[in-house]
Amino acid sequence: MTPTGLARSKPLPAAAVRSVTILGATGSIGASTIDLIKREPNRYRVEAISARRNAGALAKIAREVGARLAVVADPDYYSELKDALAGSGIEAAAGEGALVEAAQRPADWVMAAISGSIGLKPTLAAIERGATVALANKECLVCAGAFFMRRAAIAGATVLPVDSEHNAVFQALGAGRREDVKRVILTASGGPFRTWTLDAIKAATPEQALCHPNWSMGPKVTIDSATLMNKGLELIEAHHLFALAPDEIDVLVHPQSVVHGLVEFRDGSMVAQLGSPDMRIPIAHCLAWPRRIDGPAARLDLARVRELTFEEPDLARFPALALARQAMETGGAAPTVLNAADEVAVGEFIAGRIGFAAIATVVEATLEATAARGLLGEPAGLDAALAIDHIARSLAQELAGALA
Ligand code: MG
């Protein structure tokens, strides 16, 4: 008899070489994925990699990992890519259609790390052929979550969440049966303004908002962490990923960013995943799933962390989180509009044209304007989601212009 709860009952078959495709190989998630793959050259074979424009960096990675195909999304960089790959035997391609074709190539595992709406079609292509997809693109779930998860279920695709919070919840969900889950908790660092007063937050500059205490990320997601919109978008993602009702998902502010997510079961047990704030941990989990590989991230030293603290998010100081919850409850295209308006508003804030508090104001006004025009019905597919995204962006731009 096995004395512990460790899963010894079902041994996994011997590890085969896993063929992988990395969409968005030059961004921070892509770079971490490549880093892990280079450490395990006998376990992974790289089929295709892509980048938006950085042909030089992409060609360098393609040569290092021996990829078969490299794709730049922007066709203007095709000749640069082709020249950089000359003599390597690695195929070069360009354009959005080539991204979709890269996703369709027969790799067992696809990292979907293209950020923005340009990531929707290639990710869907990987899902539709039933691949195991490590999902790092937020838009798939935020803008067309119901559609995406339905297509994944039909195709028999496996969606593995890369984001640290969802990956934590995914891991914790393994401790019990889905029907025994009472609720899920996503943690939030609270961002740089966690302890600031409402007035101080309203006057925050882009430089102050771009300074995240725990994670180093791109500017959009860093500003979203400062408003807590990032956590709001994650609520919507969790709602679709794990088929949870809005009232089954809570947010807790946890400034140390050590506990990434928790699952509460009906018997009162709470299961959490902990780790250093290093994206290579959730990425390694996805890359090797359902196995584990050695991870290079710093080990978590709890004695050194000493204190883990938790607090309720303050919706008065961080209204973006309340707006996101409202959009999740409204459903349909409301999350699509929320995301589009937020992207416009964050861009305007970074450019110095609107204040920090105006980000939430623009998002709220755009939601109201689209609701008033009857535009918040469920998008039937990607094109419908992209169409409402487009309308929301121009409305948000107008509303932000009026505030500037
Ligand atoms: Mg996150």
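The next point concerns the packing of aromatic side chains. Taken as a whole and judged by the stated rule, the model has five aromatic pairs. With 4.4 Å between their ring centres and 45° between their planes, Phe193 and Trp196 make a pair best called tilted. Residue classification places Phe193 among the buried residues on the basis of a relative accessible area of 0%. What makes Trp196 partly exposed here is its relative accessible area of 25%.

Moving on to the side chain of Ser32. Relative to the helices and strands, Ser32 resides in helix α1 (residues 28-39). Residue class for Ser32 comes out buried when judged on its relative accessible area of 16%. Aside from chain neighbours lying at most four places away, what touches Ser32 is Arg280 and Ile283.

Right, let's get into the nonpolar core. Counting 88 residues, the largest nonpolar core has Phe148, Val184, Phe193, Ile249, Val263, Leu338 and Phe356 as its most contacted members. With nine residues, the top contributor of residues to this core is helix α15 (residues 334-350). Ignoring any residue separated from it by four or fewer positions in sequence, one finds Val184 in contact with Val169, Leu244, Glu248, Ile249, Asp250, Leu262 and Val263. Counting 37 residues, the second-largest nonpolar core is a separate cluster that includes Ile22, Ala70, Leu81 and Trp109.

Another aspect to go through is the sheet that holds strand β2 (residues 44-51). In sheet architecture, strand pairing relies on hydrogen bonds along the backbone and comes in two forms, parallel and antiparallel. The parallel open sheet is built from seven strands, whose spatial order is β4-β3-β2-β1-β5-β6-β7. Either end of the sheet is taken by a strand with one partner, and the two such strands are β4 (91-94) and β7 (158-161). Each strand axis lies, on average, 20° off the axis of its neighbour in the sheet, ignoring direction. With four bridges connecting them, β2 and strand β3 (residues 69-72) associate as parallel partners.

Here we come to the domain arrangement of the protein. Quite often, the size of an interface is put as the accessible area lost when its parts meet. Examined at the domain level, the protein breaks down into domain 1 (18-166) and domain 2 (192-227 + 314-404). Taken over C-alpha atoms, the centre of domain 1 sits 27 Å from the centre of domain 2. Summed over the shared surface of domain 1 and domain 2, the number is one salt bridge. Its salt-bridge partner being Lys121, residue Asp383 comes within 3.3 Å of it at the nearest N-O pair. Here domain 1 is connected to domain 2 by two residue pairs in polar contact (both at pLDDT 80 or more). Elements supplying a minimum of two residues to the side of domain 1 that touches domain 2: α5 (120-128) and α6 (138-155). Counting residues per element, the side of domain 1 that touches domain 2 draws most heavily on α6, which supplies eight residues. A class-by-class count of the residues in the side of domain 1 that touches domain 2 yields eight nonpolar, two polar and three charged.

Conventions used here
- All residue numbers refer to position in the chain's written sequence, counted from 1.
- Local features in this predicted model are restricted to residues of pLDDT 70 or higher, and side-chain atom pairs are both shown and tallied only at a pLDDT of 80 or more, whereas totals for entire chains, interfaces and linings draw on every residue.
- No hydrogens and no water enter the side-chain calculation; it runs on all heavy atoms of the structure.
- Planes of paired rings set the category: under 30 degrees apart is stacked, over 60 is edge-to-face and the rest tilted, where pairs are Phe, Tyr or Trp rings (Trp by its six-membered ring) whose centres lie within 6.5 Å.
- Only protein chains enter the area calculation, which uses a 1.4 Å probe; residues under 20% of their type maximum are buried, those over 50% are exposed, and those in between are partly exposed.
- Helix numbering and strand numbering both begin at the N terminus, where a helix is a DSSP run of H or I of at least 4 residues and a strand a DSSP run of E of at least 2.
- Between two residues, a contact is recorded if the distance between any of their heavy atoms is within 4.5 Å.
- Among buried residues, the Ala, Val, Leu, Ile, Met, Phe, Trp, Tyr and Cys ones that are joined through side-chain atoms within 4.5 Å form a nonpolar core.
- Strands pair, by our definition, only if DSSP identifies at least two bridges between them.
- Convention adopted: a line fitted to C-alpha atoms gives each axis, helices being fitted over their contacting stretch, and angles between N-to-C directions are expressed from 0 to 180 degrees.
- A domain assignment, automatic or from a database, supplies the domain bounds used here.
- Here a salt bridge means any side-chain nitrogen of Lys or Arg lying within 4 Å of a carboxyl oxygen belonging to Asp or Glu.
- Polar contact criterion, stated in full: a pair of N or O atoms within 3.5 Å, where within protein one must be able to donate a hydrogen and the other to accept it, and residues adjacent in sequence count only if both atoms are side-chain atoms.
- Side-chain classes are defined by residue name, with Ala, Val, Leu, Ile, Met, Phe, Trp, Tyr, Cys and Pro counting as nonpolar, Asp, Glu, Lys and Arg as charged, and the others, Gly among them, as polar.

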